[in-house]
Every structure is written in structure tokens, then in C-alpha cells.
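# Reading the structure
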Amino acid sequence: MNRYQAVAVFFLVLSFGVINLPAAYADIVEGKDYTVLAKPQPTEDSSKIEVLEFFWYGCPHCYSLHPHLKTWLTNIPADVNFQYVPAILRPTWVPAAKIFYAIEAMGIAGTLHDKVYDAIHRDKIDLNNEPVLFDWIEKQGIDRKKFENTYQSFAVQNQVSRSTQMSRQYQLNGVPTLIINGKYLTSGRMGGSPQDTIKTLEALLEKVRKEK
């Protein structure tokens, strides 16, 4: 094989490698896969990349994304700080936000977060109805009175007010929405399938790393 033939073979092999690259490595497109916030927001810890998931327990798309996001979190990169944030885009979303902040304040979000989703979507339980909610909480082996007091507390109400403010600051118009480092926004609708949303999240994390 002469020199020119060798060069031709090299570029032929290279072209096949490019063609066969998995979709996960395809470039994400601004306006299609993500948007840039007009007013980026500061993050809590500048030494890490912040990821916020704005969700609503009553949202079927959030319920679909949740197991994929939970799996991703089992191997969360060391340079990433992740937080769940209950979105509040309308008054009817307030009870769900109160549930999240109450179980978080009681240190039981790790066990009850998934169960709240299942109760609403799988078991069709109306957790917006407070007596129904408190009965359900008791059935989970949680101190009913303690939960009621936490759910109605001033601290939880402050968290709800903060969520309402954050939902406006990040210009949310739906959920689930992921905010990466206070600057980039992607949503379930933009990402397509839950798997696509996770791929977009990973691509945006890499984009932020390169920018740093």
C-alpha cells in the first residue's frame, strides 16, 4: 500500500467513526434542546455546578422523568450540586409544595418523595385534600400530628413563598424543568423522552465545564 492509499484508508475509517457516533454525543441545539435564561441567576455554591429540578407532584411528565433522574443521581458527578424544587405556577400547586417541604423538614423526603408520586399517579389519592393527606401520612407510619404541624408551619410557608419567587425568576412556563448553573434551561417538552432529557442535562453540564 503506497502513501496515498494509506491516507485514503485513514480518512475512510475516520468517516465511519464519525457516522457511527452514538446519539448521546450529538451536539445540543439552543432553542431546540435548551434555552439560555435572559437573566441568569446566582447559584448557592460557585465551586460546583448547580442543577435544579422544578417539579409538581401532580405532573405526569415529572412522574415519568423521576425514575430516570433518580437513577442518574445514584452516580451524580462530584462537581454537581442537585436540588429538587417544587414549582408553583398556580395556586393549586401550593399543597404539593407544602408536602415536599414538610417531608424535607422532617427528614423523610428520602423515603416519601417517591411514595407521594405513586400515591397521586398510581393509587389516584387526592393529596390536595388535607384530611386525606393526613390519613395517608399516618398510614405511612409517620406521626400525624407532627406532620400536620410541620405542614402548616411558618417555615414551610416561607419555603413556599421562595418557590413561588424562584418559579418567576427562572421564567418557568411548565414542568419538569431543569436549570443548569442558573443559566441554562431544559424541560421535558424540549428534551423529548425522559432519556433524551437526561442526555441534554449531561451535555449542558459538559458545556458549563468547558465554559469554566
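Residues numbered from 1 in each chain as written. Predicted model: local features only at pLDDT ≥ 70, side-chain atom pairs only at ≥ 80, totals over all residues. Heavy atoms only, no water.

### Structural notes on the overall build of the protein chain
Condition: Only runs of H or I of at least four residues qualify as helices and only runs of E of at least two qualify as strands under DSSP, and these elements are numbered from the N terminus. The contact criterion used throughout is that any non-hydrogen atoms of two residues lie within 4.5 Å. Here the Shrake-Rupley method, with its probe set to 1.4 Å, supplies the accessible areas, and only the displayed protein chains count as covering residues.
What the protein chain contains, in helices and strands, is nine helices and five strands. Reading the secondary structure of the protein chain in the N-to-C direction produces α-β-β-α-β-α-α-α-α-α-β-β-α-α. Taking as baseline every contact in the protein chain between residues at least 6 positions apart, the subset at least 24 positions apart corresponds to 72%. Summing over all exposed atoms, the protein chain offers an accessible surface of approximately 11,900 Å²; the carbon and sulfur share of this is 55%.

### Considerations on the environment of serine 64
Let me state the cut-off plainly: Categorising residues by exposure relies on relative accessible area from a 1.4 Å probe, with only protein chains included: less than 20% of the type maximum marks a residue as buried, more than 50% marks it as exposed, and the intermediate range marks it as partly exposed.
Checked against the element boundaries, serine 64 lands in helix 2 (residues 60-73). A relative accessible area of 39% places serine 64 in the partly exposed class. The sequence separation of serine 64 and tyrosine 117 amounts to 53 residues, and the corresponding C-alpha distance is 9.9 Å.

### A word on the confidence of the model for the protein chain
Quick reminder of the rule: A score from 0 to 100, pLDDT tells how confident the predictor is in each residue.
Of all residues in the protein chain, 86% have pLDDT values of 70 or greater, and the mean over the chain is 89. Counting interchain partners and residues more than four positions distant, the pLDDT-below-50 stretch residues 6-25 has three contacts.

### Comments concerning the pattern of salt bridges
What counts here: The salt bridge criterion pairs a side-chain nitrogen of Lys or Arg with a carboxyl oxygen of Asp or Glu, the two atoms within 4 Å.
Scanning the model with the defined rule gives twelve salt bridges in all. Of the charged contacts in the structure, one is a salt bridge between lysine 32 and aspartate 33, with a shortest N-O distance of 3.4 Å. On the accessibility criterion, aspartate 33 (10% relative accessible area) is buried. Taking the shortest distance from any N to any O, the salt bridge between aspartate 118 and arginine 122 comes out at 3.8 Å. Exposure remark for arginine 122: the relative accessible area of 54% places this residue in the exposed category.

### A word on the sheet that holds strand 5 (residues 184-187)
Heads up, the rule is: At least two DSSP bridges between two strands are required for those strands to pair.
Read across the open sheet, the five strands follow the order 1-5-4-2-3; overall the sheet is mixed. At either end of the open sheet lies a strand with only one pairing partner, and these are strand 1 (35-36) and strand 3 (80-86). In this structure, strand 2 (residues 49-55) lies alongside strand 4 (residues 177-180), joined through four bridges in antiparallel fashion. Bridged to phenylalanine 54 within strand 4 is threonine 177.

### Comments concerning the pairing of strand 5
Burial along strand 5 is two-sided: the face carrying Tyr184 and Thr186 and the face carrying Leu185 and Ser187 are both buried. Where strand 4 and strand 5 come together, four bridges link them in antiparallel fashion. Bridge assignment links leucine 178 to a residue of strand 5, and that residue is threonine 186. Where strand 4 folds back onto strand 5 in an antiparallel hairpin, the turn is made up of three residues, including asparagine 181, whose phi is positive at roughly 55 degrees.

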